[in-house]
Amino acid sequence: MTLAAPPLPAEGLLRLRVTPRSAEVYVDGAYAGTVDDFGGTSDRPLPAGTHRIELQARGFVPVTVDVRVPDDGTVVYRRELEPVSERPGVAATGAVDPIAPPPPPKTLYVVPGCYAGDTPPQPGQLPARCNLADLRVIR
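Now for a look at the structure at hand. Just so you know, these numbers come straight off a predicted model, no measurement behind them.

Within the protein chain, the secondary structure is distributed over zero helices and ten strands. In the protein chain, the order of α-helices and β-strands from amino to carboxyl end is β-β-β-β-β-β-β-β-β-β. The buried share of the protein chain, taken over its 139 residues, is 34%. Partitioning the contacts of the protein chain with sequence separation of at least 6, the portion at a separation of at least 24 is 51%. Counting only carbon and sulfur atoms, one obtains 55% of the accessible surface of the protein chain, whose full area is about 8700 Å².

Looking now at the state of the cysteines. Applying the stated criterion across every chain, the model contains one disulfide. A sulfur-sulfur distance of 1.8 Å marks the disulfide that ties Cys 114 to Cys 130. Looking along the S-S bond of the Cys 114-Cys 130 disulfide, the torsion reads about -80°, which is the left-handed sense. Of this pair, Cys 114 sits in the loop between β8 (108–111) and β9 (115–117) while Cys 130 sits in the loop between β9 and β10 (136–138), and the two are 16 residues apart along the sequence. The two residues Cys 114 and Cys 130 agree in class, both being buried.

Definitions and limits used
Residues numbered from 1 in each chain as written. Predicted model: local features only at pLDDT ≥ 70, side-chain atom pairs only at ≥ 80, totals over all residues. Heavy atoms only, no water. Helix = DSSP H or I, 4+ residues; strand = E, 2+ residues; numbered from the N terminus. Buried < 20%, exposed > 50% of the residue type's maximum accessible area, 1.4 Å probe, protein only. Contact = heavy atoms within 4.5 Å. Areas by Shrake-Rupley, 256 points an atom, 1.4 Å probe, with all protein chains shown as cover. Disulfide = S-S within 2.5 Å.

Distances and angles like these do not, on their own, reveal function.
In structure tokens form, the structure reads like this:
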């Protein structure tokens, strides 16, 4: 009797276009490297599905976002982390000043299954199967 090998889990790629490029990246709560490990010529393979991505850099406001990695595709997340000193109501330590009003929400640009970021995608940035006409703006 011959046993067949179990099928490999479906994978896709995550590409981060985030500044600063030295920011630490956590995937589903586990340290996974820096932004440079997820961009340029080295996209990071991840199991297909939804993952929680956390970005942290000294002197910048941390960011947490959920991304959906497509099976056999690439999702691109683009963002500039906000320096702590430029954010109203945030002290240099990153602690929130309870007297200052909260900052206004940021706009998020999404092409389902292809792109999520705080800047609109440009023509040529998306994989061939993606279309800018599918862009959704979330405020």
